[in-house]
Amino acid sequence: MVKCSYCIKEIERGTGLIYVKKNGAIRHYCSDRCYKFNELYGKKASKKEIAANSPAGTLA
Ligand SMILES: [Zn+2]
């Protein structure tokens, strides 16, 4: 199971987005929103947002 590179929510197989950067790094996103925020705006997910999606409540 892969996790969203932005909000670390687990992404179900067959859903979400895979973005390959020019340097070969692969990013997985659960949604278009997360892709835009991370790649286009360079925003960091808030701790609150990450904690809400983290199963154990831990920060990755
Ligand atoms: Zn996400």
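Residues numbered from 1 in each chain as written. Predicted model: local features only at pLDDT ≥ 70, side-chain atom pairs only at ≥ 80, totals over all residues.

How would you sum up the overall build of the protein? Please name residues and give values.
Along the protein, the regular secondary structure elements total two helices and four strands. In the protein, the succession of α and β elements from N to C terminus is β-β-β-β-α-α. Within the span of the protein, comprising 60 residues, buried residues form 18% of the whole. Sequence-distant contacts, at least 24 apart, represent 39% of the contacts inside the protein between residues at least 6 apart. (Helix = DSSP H or I, 4+ residues; strand = E, 2+ residues; numbered from the N terminus. Buried ≥ 20, exposed ≤ 12 C-beta atoms within 10 Å, placed from the backbone. Contact = placed C-beta atoms within 7 Å.)

Can you lay out the pairing of strand β3 (residues 17-20) for me, pointing to particular residues and giving the numbers?
Of the pairings in the sheet, the one linking β3 to strand β4 (residues 26-29) comprises four bridges and is antiparallel in character. Directly across from V20, in β4, lies its bridge partner I26. (Pairing = 2+ DSSP bridges.)

I'd like a rundown of the nonpolar core, residues and numbers included.
Counting nine residues, the largest nonpolar core consists of C4, Y6, C7, I8, I11, Y29, C30, C34 and Y35. With near-sequence residues (within four places) excluded, C30 lies in contact with C4, C7, K9, I11 and G16. (Core = buried A, V, L, I, M, F, W, Y, C linked by C-beta atoms within 7 Å.)

Lay out the confidence of the model for the protein with the relevant residues and their values.
Note: predicted coordinates in regions of low pLDDT should not be interpreted at a detailed level. For the protein, per-residue confidence averages 84 on the pLDDT scale, and 87% of positions sit at 70 or higher. Looking across the protein, the model is least confident in helix α2 (residues 47-53), with a mean pLDDT of 74, and most confident in strand β2 (residues 10-11), with 94. (pLDDT = per-residue confidence, 0-100.)

Let's hear about the environment of S54: which residues, and what values?
If you trace the backbone, S54 turns up in the segment after α2. Expressed as a C-alpha distance, the spacing of S54 and K9, which sit 45 residues apart in the sequence, is 6.5 Å.

Help me get a handle on the environment of D32, residues and values and all.
Along the chain, D32 turns up in helix α1 (residues 32-40). Assessed through the 10 C-beta atoms surrounding it within 10 Å, D32 is described here as exposed. In the structure, D32 is positioned 16 residues away from G16 in sequence and 7.7 Å away in space, judged by C-alpha atoms.

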